[in-house]
2 protein chains.
Amino acid sequence: MQYQAPANDLRFLLFDVLGADRLHELEKYADATPDLISAVIDEAGKLAAEVIQPTNQVGDREGCTYDPETRSVKTPEGFKDAYKKFVEGGWTALDAPLEYGGQGLPHTLKFVVDEMVCSTNLSLGMYPGLTHGAISALHAHGSDELKNIYLEKLISGEWTGTMCLTEPQCGTDLGLIRTRANPNDDGSYAIEGTKIWITGGEHDLVDNIVHLVLAKLPGAPDTTKGISLFVVPKFLPESGERNPAFCGGLEHKMGIKGSATCVMNFEGAKGWLVGEPNDGMRAMFTMMNEARLMVGMQGLGLAEMAYQESLGFARERLQSRSLSGPKNPDGPADPIIVHPDVRRMLMRQKVLNEGMRALALFAGHQLDLSVAHPDETVRESADDLVQLLTPVVKSFLTDEGFNNANTGLQVLGGSGFTTDWPLEQLVRDGRIARIYEGTNGIQAMDLVGRKLSLKGGQLVRTLFGTLSGYLKDNPEAPHREELKNAMKALETATMWLASNAPKDPEQAGAAATPYLRLMALTVIGYLWSRMANVANEQLAAGEGNKPLLESKVVSARFYFERLLPEVDWLLGDIQSGKDSLMAFSDDHWAA
Amino acid sequence: MQYQAPANDLRFLLFDVLGADRLHELEKYADATPDLISAVIDEAGKLAAEVIQPTNQVGDREGCTYDPETRSVKTPEGFKDAYKKFVEGGWTALDAPLEYGGQGLPHTLKFVVDEMVCSTNLSLGMYPGLTHGAISALHAHGSDELKNIYLEKLISGEWTGTMCLTEPQCGTDLGLIRTRANPNDDGSYAIEGTKIWITGGEHDLVDNIVHLVLAKLPGAPDTTKGISLFVVPKFLPESGERNPAFCGGLEHKMGIKGSATCVMNFEGAKGWLVGEPNDGMRAMFTMMNEARLMVGMQGLGLAEMAYQESLGFARERLQSRSLSGPKNPDGPADPIIVHPDVRRMLMRQKVLNEGMRALALFAGHQLDLSVAHPDETVRESADDLVQLLTPVVKSFLTDEGFNNANTGLQVLGGSGFTTDWPLEQLVRDGRIARIYEGTNGIQAMDLVGRKLSLKGGQLVRTLFGTLSGYLKDNPEAPHREELKNAMKALETATMWLASNAPKDPEQAGAAATPYLRLMALTVIGYLWSRMANVANEQLAAGEGNKPLLESKVVSARFYFERLLPEVDWLLGDIQSGKDSLMAFSDDHWAA
């Protein structure tokens, strides 16, 4: 089945709900007119369906292969061509800075394209995805000299980038890294150490690969405060000399088999410091925060493809009769979409996917406002929301993206379990997104342990202000009472944390995961109310795409009736505190 | 990591909670003394760890291979040996009828062994698993002649059996089958047709394979009332002649790669009618109901292995410091089990696994009472519970078994996604269990559409009687109020169905999935209260395994605080009715 980009939903969401049709009024985004945004949606959808999707299954079957002789990695058949077309279309440059050859378009558009790429080949999308993070880190923290050497080629897609963080003994806890950077005489550093799980660490799509590597300077403290960031190219840009940063092998994985996940051995490779000594974590978070939002789009992208596949199947597969009488009387049975329990699965996918898309693009739009709005107070509150919602987008979209891909597989029954259909690959590929760029548990800790206390709690106050402002401005807001109940639950949980966590940080750890989920469901509730509100208005005015608007009204009802009420359960979980989690001592676990 | 059978938990559950220590008082199960049950637990655990587990990873890597020349199937390296040891140990005969060489032990013990086999190699377990179903169907419905020919060799494991139901155009809707049975002159039938997804349809573990095949007699009605069951051996037992029942190929699947999932072509193969003409569905359900309980054990078995692996990892992996101060001050970091969010994942696994085990063995014990108790009223109410809970065990244990395997994978982070660890295989293998033997949605429909209305609603009344009887007899039952709340929710939902479903069967379809889940959580709540009750008593008396008993008390608290409250959400979902599920017309789905 050919992928169909959710173009109508995107236009409704961006233009009619979020107000991204006015982005071009901001000086920085003057080019981003509705026509241009619309063209980007259509062109990216075409590229995804026609160029990227055909590489997805072969990428999974073939995987990447490693040649120990040359220490090189071959990507699957078709990846090189598809990547070339992606680069030629300018897609790597979409939101990159103009001064280095980028197009300088809004980040929101980047998210839109990310979703489509991930719907059609997550593995392939990883190569430019990681490059994007490297661009941002270099742009934000690198010297002009480094920027001049690297940015244009990374932005054009002629080179790709990596993030080299993890080592065998440390993933989450980067204070434990052992990779060392010893000063050379020429101002560069000799990087020694082994990094693992390096996406795109070695491959054959481009001529040069630019590694951004966390390492420790001599005498640096043995904590995250002693980490520095270095840029380490595969080939030295001036001389073309091979830098001893070699791939030592590939991981064998459950999914994303077309993405080269490398062991990287830095054998005295030349590197240059990015930013200040011992300040590498800050630069790392520039890459990481952006990567976290992108990983959220991965979860959504896979779930969208699973929805399309399962919807197609449910409309075609004839099995049993409708409980309210035959709907396909001339056929041997009715299509399974007539059955309420099949509809439950399809509706769950559709309503959550659209809600997750709204959440992610709401965050993306705020990101654009935070960098481009002329009013400082708007910029600040937009930045509050982006910071607060980044871990929420990453976790919720990958957890529920995975669940929805599984729901799609379930609609297909036994067929979904076979490799004749793409569902099982979507499930396998999506499993990693709940783990990398910080596990979803780490995201939840970032939210309750860090984001809630930033600026004395201002981030979450900005969120509450946004939601209550909406209710105040819209006395007829659809599902108002249910939304207020969810907001109340989130407020209560926030107060509970504020009074319990400072005395006992383990209370924050115990509450973290349900709290993140409570926030996600509440913000998506706010967005479903807004979507239904716009749909009601347009339907009353006789405007717009009627089936789409009607679907929004029904979908909002489904969300408020069947999904949002989880918030009460989550609040109870949070309020029950840490005791039943922490009571076990060593001898209880396997008694 | 070597599998460790949950022997202590099983003994606590069977002897101290469920009363299976008294099974030997029933004439039929006079041999099943606590000593014998305990020996079975230990021996099966040993077999699983030492013989079966070593075949699991190679089975996944190698898979089954099909040779189109000979139309034969080769199982992975080691399967033949392990199967031989399984047979030699008498495990295929455990609960099989004495008169055909079985050991006649209680079904509960079969479930115990099933869990262990599925923890260590689900694919291998499928071969004897399907055989067991064939034995039951032949024993219940076959003529003495057929029984004499087939039962001994199936029970001894010298031959294996299959269930041939599905065809390309029909899975759930068996009324659509096209396989035909035309009478031969000698009283046999010529079977013509193609069956798909036939587990163990062809393999090299044994000399003969006995297919139980659903087919239609000439002139039979085109519904499920026109289906008959036939026994179709690969080799004719008398002559040794090859019967034209050939494997046409293997499915390629997400998991259970060591299980041969065959396309079977019956090319005029000789078959013999089992039971009455057109009564095949009844015999099929004899196999199916048993298979459904076994599939539940599959979900649990995989989840148990995932728990053990993730617990081991969480105790070893050093990463970050405890929020309440270093717990491993001499090491570079603390083991991740100190972190509340990691404990949340481990506790969820442990508490749900033990709750699911309690539910399954409660049902298994009732099955034994239903066939062996001298008092007819006891037999009848036990049978009520088995019938009611069969779809609940199948669905809930496979849904939550899959979720728990995923939770185990999450504890490992990136390692869990690599094939260096067994977690990703456990997840892939377990995905099918939510689908086969009737998808979990079909189980829910069986529960609300059939089981609730059997005998005028007596089955669910028996359940309520059991639960309220417990509360009446145990005024100090732990977590009494929370359990009562869940029972109230289940009663309310049952009443809602009773008043809405008769007028509109789509209301039953809309409520089915959350209703099944509500029942599962409530019955597991009842069992957690019982387990905690026994634990409290034994702790007060200074008896028993103290760490195990303490773990039960904490686990029950975790269950009642964090898991059971989902029931209120489920009740609301049910009561919101079918409208938001059924409102979409064709043009809304992809507007």
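Residues numbered from 1 in each chain as written. Chains lettered and ligands numbered in written order. Predicted model: local features only at pLDDT ≥ 70, side-chain atom pairs only at ≥ 80, totals over all residues. Heavy atoms only, no water.

*Asks:* Describe the overall build of chain A, with residues and values.
*Replies:* When helices and strands are counted, chain A shows 18 helices and nine strands. Relative to the globule expectation of 25 Å for 591 residues, the C-alpha radius of gyration of chain A, 24 Å, shows essentially globular dimensions. For chain A, the proportion of its 591 residues judged to be buried stands at 66%. Pairs at least 24 residues apart make up 73% of the contacts formed inside chain A by residues separated by at least 6 positions. A total accessible area of about 20,200 Å² is found for chain A, and carbon and sulfur atoms account for 50% of it. Across chain A, the 55 positively charged side chains and the 78 negatively charged ones have centroids separated by 4 Å. (Helix = DSSP H or I, 4+ residues; strand = E, 2+ residues; numbered from the N terminus. Rg over C-alpha atoms; globule rule 2.2 N^0.38 Å. Buried < 20%, exposed > 50% of the residue type's maximum accessible area, 1.4 Å probe, protein only. Contact = heavy atoms within 4.5 Å. Areas by Shrake-Rupley, 256 points an atom, 1.4 Å probe, with all protein chains shown as cover. Lys, Arg positive; Asp, Glu negative; His and termini not counted. Charge placed at Lys NZ, Arg CZ, Asp CG, Glu CD.)

*Asks:* Could you give an account of the interface of chain A and chain B, naming the residues involved and the relevant values?
*Replies:* Bring the parts together and some accessible area is lost; that lost area is often taken as the interface size. Taken together, the contacts link 94 residues of chain A with 94 residues of chain B. Summed over both partners, the interface of chain A with chain B buries about 8,300 Å², with 58% contributed by carbon and sulfur atoms. Among the residues of chain A in contact with chain B, Phe417(A), Trp569(A) and Trp589(A) are the three that bury the most area, contributing 12% of the side total. One salt bridge in this structure joins Arg344(B) and Asp573(A), with 2.9 Å as the shortest N-O distance. In this structure, the connection of chain A to chain B is made through 53 residue pairs in polar contact (both at pLDDT 80 or more). Sorting elements by how many residues they give to the side of chain A that touches chain B places helix H16 (residues 546-563) of chain A first, with eleven residues. (Buried area = accessible area lost by both parts, 1.4 Å probe. Salt bridge = Lys/Arg side-chain N within 4 Å of Asp/Glu carboxyl O. Polar contact = N/O pair within 3.5 Å; in protein donor to acceptor, adjacent residues only side chain to side chain.)

*Asks:* Give me the lowdown on the packing of aromatic side chains, citing residues and values where you can.
*Replies:* Considering all chains together, one arrives at 16 aromatic pairs over all chains under this definition. Relative to Phe560(B), the ring of Tyr559(B) lies with its centre 5.6 Å away and its plane at 85°, an arrangement referred to as edge-to-face. Here Tyr559(B) and Phe560(B) have matching classes, each one buried. By the ring-pair criterion, three or more aromatic residues cluster together here, those being Phe362(A), Tyr470(A) and Tyr526(A). Lying over the aromatic face of Phe235(A), Arg242(A) brings its terminal NZ or CZ to 5.6 Å of the ring centre. We note Arg431(B) situated over the ring of Phe402(B); from NZ or CZ to the ring centre the distance is 5.4 Å. (Phe/Tyr/Trp six-rings, centres within 6.5 Å; stacked < 30°, edge-to-face > 60°. Lys NZ or Arg CZ within 6 Å of the ring centre and 35° of its normal.)

*Asks:* Describe the relation of the copies chain A and chain B, with residues and values.
*Replies:* Superposing chain A onto chain B takes a rotation of 180° combined with a translation of 0.0 Å along the rotation axis, leaving an RMSD of 0.0 Å. Put plainly, the chains are arranged around a two-fold axis. (Least-squares fit on C-alpha atoms with pLDDT ≥ 70 in both.)

*Asks:* Can you tell me about the packing of helix H9 (residues 376-412) of chain A against helix H12 (residues 440-451) of chain A, naming the residues and giving the values?
*Replies:* Residues and elements named next belong to chain A. Their axes nearest at 9 Å, the elements H9 and H12 cross at an angle of 155°. One way to sum up the angle between H9 and H12 is to call them roughly antiparallel. Crossing hand, H9 versus H12: left-handed. Judged by residue contacts, Gln-387, Leu-388, Pro-391, Val-392, Lys-394, Ser-395, Thr-398 and Asp-399 of H9 engage Asn-440, Gln-443, Asp-446, Leu-447 and Lys-451 from H12. Split into classes, the residues belonging to the contact of H9 with H12 amount to four nonpolar, five polar and four charged. (Axes fitted to C-alpha atoms, helices over the stretch in contact; angles between N-to-C directions. Parallel < 35°, antiparallel > 145°, perpendicular 65-115°, else oblique. Left-handed = near helix turned anticlockwise from the far one by under 90°. Nonpolar A, V, L, I, M, F, W, Y, C, P; charged D, E, K, R; others polar.)

*Asks:* Residue-level account of the environment of Lys147(B), with values.
*Replies:* All names here are of chain B. Looking at where Lys-147 falls in the secondary structure, it is placed in helix H6 (residues 144-156). Each C-alpha atom, one on Lys-147 and one on Lys-195, is 24 Å from the other, the two residues being 48 residues apart in sequence. If near-sequence neighbours (up to four positions away) are discounted, Lys-147 is found in contact with Tyr-100, Leu-138, His-139, Gly-142 and Glu-152.

*Asks:* Which residues make up the UniProt feature "domain: Acetyl-CoA dehydrogenase-like C-terminal" (unreviewed entry) in chain A, and what values go with them?
*Replies:* The sites that UniProt annotates as "domain: Acetyl-CoA dehydrogenase-like C-terminal" (unreviewed entry) are residues 476-584 of chain A. What you have in residues 476-584 of chain A is 83% helix and 0% strand, and the ends, taken at the C-alpha atoms, are 50 Å apart. (UniProt positions renumbered as here; feature names shortened; annotations may be inferred.)

*Asks:* So what about the pairing of strand E5 (residues 189-199) of chain A? Which residues, and what values?
*Replies:* All names here are of chain A. Of all eleven residues making up E5, eight are buried, and the element is well covered by its neighbours. One ladder, built from four bridges, connects strand E4 (residues 180-183) with E5; its direction is antiparallel. Paired with Asn-182 across the strands is Ala-190, a residue of E5. Hairpin remark: E4 followed by E5, antiparallel, with five residues in the connecting loop; positive phi at Gly-187, about 90°. Sheet analysis places E5 next to strand E9 (residues 261-274), joined by nine bridges and oriented antiparallel. (Pairing = 2+ DSSP bridges.)

*Asks:* Before we move on, can you summarise the UniProt feature "domain: Acyl-CoA dehydrogenase/oxidase N-terminal" (unreviewed entry) in chain A with the specific residues and values?
*Replies:* Per the UniProt annotation, the sites labelled "domain: Acyl-CoA dehydrogenase/oxidase N-terminal" (unreviewed entry) are residues 76-158 of chain A. For the annotated span residues 76-158 of chain A, helix accounts for 70% and strand for 0% of the residues, and the straight-line distance between the end C-alpha atoms is 19 Å.

*Asks:* Explain the domain arrangement of chain A to me, and be specific about the residues and the numbers.
*Replies:* Residues and elements named next belong to chain A. Segmentation of chain A into domains returns domain 1 (7-147), domain 2 (161-278) and domain 3 (443-583). Between domain 1 and domain 3, the C-alpha centre-to-centre distance is 30 Å. Each partner contributes residues to the interface: domain 1 has seven residues there, and domain 3 has ten residues. When the two sides are added together, the surface that domain 1 and domain 3 hide from each other amounts to roughly 670 Å², 67% of it contributed by carbon and sulfur. On the domain 1 side of the contact with domain 3, Phe-12, Asp-16 and Val-17 bury the most area, a combined 64% of that side's loss. For the interface between domain 1 and domain 3, the tally reads one salt bridge. Among the salt bridges present, the one from Lys-552 reaches Asp-9, with a minimum N-O distance of 2.4 Å. Between the two partners, domain 1 and domain 3, sit three residue pairs in polar contact (both at pLDDT 80 or more). When its residues are assigned to classes, the side of domain 1 that touches domain 3 shows four nonpolar, one polar and two charged. (Domains from an automatic or database assignment.)

*Asks:* Lay out the pattern of salt bridges with the relevant residues and their values.
*Replies:* Considering all chains together, one arrives at 72 salt bridges over all chains under this definition. Among the salt bridges present, the one from Arg428(B) reaches Glu424(B), with a minimum N-O distance of 2.8 Å. You can see Arg428(B) and its partner Glu424(B) sitting in helix H11 (residues 423-431), four residues apart, about one turn around the helix. Like Arg428(B), the residue Glu424(B) is buried in the burial classification. Where Arg517(B) meets Glu566(B), a salt bridge forms, and the shortest distance between an N and an O atom there is 2.7 Å. Separated by 49 residues along the polypeptide, Arg517(B) in helix H15 (residues 505-541) and Glu566(B) in helix H17 (residues 566-575) bring together distant segments of the chain. When salt bridges that share partners are traced, they join Asp9(A), Glu115(A), Glu304(A), Lys350(A), Glu354(A), Arg357(A) and Lys552(A) into one network.

*Asks:* Residues and numbers for the nonpolar core, please.
*Replies:* Membership of the largest hydrophobic core comes to 420 residues, with the highest contact counts inside it found for Tyr515(A), Met519(A), Tyr559(A), Tyr515(B) and Met519(B). Every residue in contact with Tyr515(A), bar those within four places of it in the chain, is listed here: Leu447(A), Val448(A), Leu452(A), Val460(A), Leu490(A), Ala493(A), Thr494(A), Leu497(A) and Ile574(A). (Core = buried A, V, L, I, M, F, W, Y, C linked by side-chain atoms within 4.5 Å.)

*Asks:* Residues and numbers for the side chain of Gln538(A), please.
*Replies:* Looking at the element boundaries, Gln538(A) is found in helix H15 (residues 505-541). Among all residues touching Gln538(A), those that are not within four sequence positions of it are Phe12(A), Asp16(A), Glu543(A), Gly544(A) and Leu549(A).

*Asks:* I'd like a rundown of H9(A), residues and numbers included.
*Replies:* All names here are of chain A. The end-to-end C-alpha distance of H9, which contains 37 residues, comes to 51 Å, matching closely the 54 Å that a straight helix rising 1.5 Å per residue would cover. Considering bend angle alone, the principal kink of H9 is centred on Leu-389 and spans about 40°; proline Pro-391 follows within four residues of it. Burial analysis of H9 places 28 of its 37 residues in the buried class, the great majority of the element. One or two steps after H9, the chain reaches Gly-413, where phi turns positive at roughly 60°. (Expected span 1.5 Å × (residues − 1). Bend = angle between axes of the 7 residues up to and from the residue.)

*Asks:* Before we move on, can you summarise the packing of helix H5 (residues 107-141) of chain B against helix H7 (residues 280-316) of chain B with the specific residues and values?
*Replies:* Residue and element names in this part refer to chain B. At their nearest, the axes of H5 and H7 sit 8 Å apart, and the two run at 175° to each other. As summarised for this structure, H5 and H7 are arranged roughly antiparallel, according to the angle between their axes. Broken down by class, the residue content of the contact of H5 with H7 amounts to 15 nonpolar, nine polar and six charged.

*Asks:* Provide a residue-level description of H15(A), including the pertinent values.
*Replies:* The end-to-end C-alpha separation of H15(A) is 52 Å, in line with the 54 Å expected for 37 residues at 1.5 Å each. Once H15(A) ends, the next one or two residues include Gly542(A), with phi positive near 70°.

*Asks:* Before we move on, could you go through the environment of Glu192(B) and cite the residues and values that matter?
*Replies:* Residue and element names in this part refer to chain B. Looking at the secondary structure, you find Glu-192 in strand E5 (residues 189-199). Sequence-wise, Glu-192 and Asp-587 are 395 residues apart; in three dimensions their C-alpha atoms are separated by 41 Å. Beyond its immediate stretch of four places on either side in the chain, Glu-192 contacts Arg-178, Thr-179, Arg-180, Phe-266, Glu-267 and Gly-268.

*Asks:* Lay out the side chain of Glu309(A) in plain terms, naming residues and giving numbers.
*Replies:* All names here are of chain A. Secondary-structure assignment places Glu-309 in helix H7 (residues 280-316). Buried and unpaired, Glu-309 has Arg-61 as its nearest opposite-charge partner, separated by 12 Å. With sequence-adjacent residues up to four places away left out, Glu-309 is seen in contact with Met-1, Leu-412, Trp-421, Pro-422 and Leu-423.

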